[in-house]
Number of protein chains: 2
Amino acid sequence: MELNKVTQDVLNVIDSYGFKQEGAYNLRLNGMAVCHGDSRHIQIVKKADKAGIDIHISGEAKDEQVHIPVVMSKEGIDVVYNDFYIEDGADVTIVAGCGIHGEGCSETRHDGIHTFHVGKNANVKYVENHYAQGNGTGKKVLNPVTKIYVGENSVFTLETSQIKGVDSTERENYIELAENAKLFVTEKLMTHEDQTAVSNMDVYLNGENSSARIVSRSVAKGTSRQVFHPKAIGNNLCHAHIQCDSIIMDEAEISSIPEINARHIDAQIIHEAAIGRINDEQLTKLRTFGLNAEEAEAVIIENFLK
Amino acid sequence: MELNKVTQDVLNVIDSYGFKQEGAYNLRLNGMAVCHGDSRHIQIVKKADKAGIDIHISGEAKDEQVHIPVVMSKEGIDVVYNDFYIEDGADVTIVAGCGIHGEGCSETRHDGIHTFHVGKNANVKYVENHYAQGNGTGKKVLNPVTKIYVGENSVFTLETSQIKGVDSTERENYIELAENAKLFVTEKLMTHEDQTAVSNMDVYLNGENSSARIVSRSVAKGTSRQVFHPKAIGNNLCHAHIQCDSIIMDEAEISSIPEINARHIDAQIIHEAAIGRINDEQLTKLRTFGLNAEEAEAVIIENFLK
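Residues numbered from 1 in each chain as written. Chains lettered and ligands numbered in written order. Predicted model: local features only at pLDDT ≥ 70, side-chain atom pairs only at ≥ 80, totals over all residues. Heavy atoms only, no water.

Looking at an unreviewed UniProt entry, chain A carries the name SufD family Fe-S cluster assembly protein, with the source organism given as Mediterraneibacter hominis. If you open the UniProt record of chain A and go to Sequence similarities (unreviewed entry), you find "Belongs to the iron-sulfur cluster assembly SufBD family." (UniProt positions renumbered as here; feature names shortened; annotations may be inferred.)

## Some words on the interface of chain B and chain A
Listed per partner, the contact involves 29 residues of chain B and 29 residues of chain A. Roughly 2,300 Å² of surface becomes buried between chain B and chain A when both sides are summed, with 48% attributable to carbon and sulfur atoms. Counting the surface chain B buries against chain A, the share from its top three residues, Ile260, Ile265 and Ile275 of chain B, is 24%. If you look at where chain B meets chain A, you find four salt bridges. One salt bridge connects Arg277 of chain B with Asp266 of chain A, and the closest N-O pair in it is separated by 2.6 Å. Across the contact surface, chain B and chain A share 17 residue pairs in polar contact (both at pLDDT 80 or more). (Contact = heavy atoms within 4.5 Å. Buried area = accessible area lost by both parts, 1.4 Å probe. Salt bridge = Lys/Arg side-chain N within 4 Å of Asp/Glu carboxyl O. Polar contact = N/O pair within 3.5 Å; in protein donor to acceptor, adjacent residues only side chain to side chain.)

## Overview of the relation of the copies chain B and chain A
Mapping chain B onto chain A is achieved by rotating through 180 degrees and translating by 0.0 Å along the same axis, at an RMSD of 0.0 Å. As the rotation angle and translation indicate, the two copies are arranged about a two-fold axis. Nearest to the rotation axis, the C-alpha of Glu272 of chain B is located 2.2 Å from it, this being the minimum over chain B. Interface overlap between copies: 100% of the residues of chain B at the interface are likewise at the interface in chain A, consistent with a symmetric, same-surface contact. (Least-squares fit on C-alpha atoms with pLDDT ≥ 70 in both.)

## Description of the packing of aromatic side chains
All names here are of chain A. Inspection of the entire model under this criterion finds 14 aromatic pairs over all chains. Ring centres 6.2 Å apart and planes at 55 degrees place the aromatic pair Tyr149 and Tyr174 in the tilted group. Linking Tyr149 in strand E12 (residues 145-150) with Tyr174 in strand E14 (residues 168-177), this pair joins segments that are 25 residues apart in sequence. Residue Tyr149 is classed as partly exposed on the basis of its relative accessible area, which comes to 28%. (Phe/Tyr/Trp six-rings, centres within 6.5 Å; stacked < 30°, edge-to-face > 60°. Helix = DSSP H or I, 4+ residues; strand = E, 2+ residues; numbered from the N terminus. Buried < 20%, exposed > 50% of the residue type's maximum accessible area, 1.4 Å probe, protein only.)

## What about unusual backbone geometry?
Most peptide bonds take the trans form, and the phi angle of most residues other than glycine is negative. Residue and element names in this part refer to chain B. Residues other than glycine seldom take positive phi values, yet Asn30 does so here, at roughly 50 degrees. Note that Asn30 resides in the loop between strand E1 (24-29) and strand E2 (32-37). Asn30 gets classed as partly exposed once you look at its relative accessible area, which sits at 25%. Phi angles above zero are rare outside glycine, and Glu193 is one such case at about 45 degrees. Here Glu193 lies in the loop between strand E15 (182-191) and strand E16 (196-205).

## Digging into helix H3 (residues 293-304) of chain A
Residue and element names in this part refer to chain A. Compared with the 16 Å implied by 1.5 Å per residue over twelve residues, the 16 Å span of H3 between its first and last C-alpha is a close match. Burial in H3 covers these residues: Ala296, Ile300, Ile301 and Phe304. Projected down its long axis, H3 shows its buried positions confined to an angular sector of 130 degrees, all on one face. For H3, the elements touching its buried residues are strand E15 (182-191), strand E17 (210-220), strand E19 (238-248) and helix H2 (280-288). The distance from a side-chain oxygen at the start of H3 to the backbone nitrogen of Glu294 is 3.1 Å, and the residue carrying that oxygen is Asn292. (Expected span 1.5 Å × (residues − 1). Arc of directions from axis to C-beta.)

## Regarding the environment of Tyr131 of chain A
Within the element layout of this structure, Tyr131 of chain A appears in strand E10 (residues 123-133). Beyond its immediate stretch of four places on either side in the chain, Tyr131 of chain A contacts Val13, Ile14, Cys98, Gly99, Ile100, Leu142, Ile163, Lys164 and Val166 of chain A.

## So, the packing of helix H2 (residues 280-288) of chain B against helix H3 (residues 293-304) of chain B
Residues and elements named next belong to chain B. Remark: H2 packs on H3, axes separated minimally by 9 Å, with the N-to-C direction vectors making an angle of 125 degrees. Considering the angle they form, H2 stands oblique to H3. Where H2 crosses over H3, the two elements pack in a sense that is right-handed. Packed against H2, whose contacting residues are Gln282, Leu283, Leu286 and Arg287, the element H3 presents Ala293, Ala296, Glu297, Val299 and Ile300 at the interface. (Axes fitted to C-alpha atoms, helices over the stretch in contact; angles between N-to-C directions. Parallel < 35°, antiparallel > 145°, perpendicular 65-115°, else oblique. Left-handed = near helix turned anticlockwise from the far one by under 90°.)

## Quick word on the UniProt feature "domain: SUF system FeS cluster assembly SufBD core" (unreviewed entry) in chain A
Mapped onto this numbering, the UniProt entry gives "domain: SUF system FeS cluster assembly SufBD core" (unreviewed entry) at residues 86-304 of chain A. Annotated as residues 86-304 of chain A, this span is 10% helix and 61% strand, and its ends, taken at the C-alpha atoms, are 33 Å apart.

## Points about the environment of Ser255 of chain A
Its location among the elements puts Ser255 of chain A in strand E20 (residues 253-256). We classify Ser255 of chain A as buried; its relative accessible area is 8%. Spatially, the C-alpha atoms of Ser255 of chain A and Val198 of chain A are 9.4 Å apart, while their sequence positions differ by 57 residues. Ser255 of chain A has contacts with Gln226, Val227 and Phe228 of chain A together with Glu259, Ile260 and Asn261 of chain B, leaving out every residue within four places of it along the chain.

## Brief notes about the side chain of Ser246 of chain B
Along the chain, Ser246 of chain B turns up in strand E19 (residues 238-248). Apart from the residues within four sequence positions on either side, Ser246 of chain B is in contact with Ser218, Phe228, Ile254, Ala274, Ile275, Gly276 and Phe304 of chain B.

## Remarks on the environment of Leu205 of chain B
If you trace the backbone, Leu205 of chain B turns up in strand E16. The class of Leu205 of chain B is buried, set by a relative accessible area of 0%.

In structure tokens:
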């Protein structure tokens, strides 16, 4: 189907891999699945009982992609349930994300509740971008819920980023790791004006030799407020490393409340967090190259969030 | 007054500076202030309205000490309120601490609620040791509450340690720092058997150029449970560094939930936490010197908590 300019523009921002109506894909527009395609190894099935889709990924899938972006260009609340069934041995990249284009005066909200059932020996990359634009005064809200069950010997990479424009977000992540399962999380978050962001992430290292590496980077500008609450629970011989770095600007406020909980003698968990202002030396250096204050700041922030 | 052997033994453990009935001191035994002395610059006044004492420390005090240990060798609950008024420019070391000798089958509990009002340009060191012994089946419980208000340009050093034998502890610390005030905290905690320990510490960096350095080290053995919740709130140009390191042994559980909260662009707050098992290499090395497993473990733990 042909997409209008607003939809295409938003898609360009939220799908960094490039959204095409090819292979396995599903585009949800204003609360409706408007187009979808399957591939040989990936089937997308509309749920019968509620809004959302089931995505079945075969163990035959190797280096394949599935794109399931959501665009909201009309006001309203959209709650959707997507379940991923990833078979043993699959190797897949899932590109999700939600973009809001808000021109109205009432709320535009998307709550994506995603559950991943990952088999053994699989390799899954899940990329999720959140973004909002438009001059409407109505709040642009995204409340994603992500539940991930990672099977034995599987690797799950979660890249989540909220680029800009989202007035309010409450992010819930719940992850369970089986034997030898590995989790890599990269979280990037920028808030500005009077935006608020809450990010909760609970990682249960249940299996022997499971491991988690979580890196969270955030920038808070204006009078925005951010709260991070990552939690690593070691129930077995396991390794976890959580690192949260934040830059605070203007009148913003950042709270970082990492929790490490060792319930096993061989659980090894490390956490590091730092909140500070933008690096003045870098700022000065860039300004000697002729950049103005705003440009220099933008370069540093972009680099920090890279 | 003459002290019996049990009291003296407990005092030897909890007062590492050596308790003497000289200078400024107050000994509380089984819920009663049994002896006390003032010094030229330090006056101890019994409270009229409730259990406890007011300790007035003059700005003339230089490199002086005051000892206010508590010993409980009888079952029961003792709640005591001690208030410290420390004048501008005072330089003092306050040695507190509580030791329980429990032989009975009902609870022995001491709740010491200490409040420190520290003036400007003062230097205060507060040393607090908690310890319990005795074969009684009654729970030995210590719930200290410590509130500290540190004035401009003052330095407050808090050394708190729970050595052994305490079945249950809930520690509450609340600290406010004014302009240029500096806080140094060293917390040491060891739990064994089925003991539980909760340690909450809220540090408000309110004044410009205030700083806090918090180091917490703990060892959990047996089936003991520890929860740490240090919190640094930066309300001004300030620096805070929190470091929590824990060794987990046997079937123990440790939870570390540090919270860093920057509410000012020039608040710079760093946190590091690590939970892991005892260092195997060190263990092996010590055993090659002829130490058995238990001895080697004891040496490593002692070093870690030093």
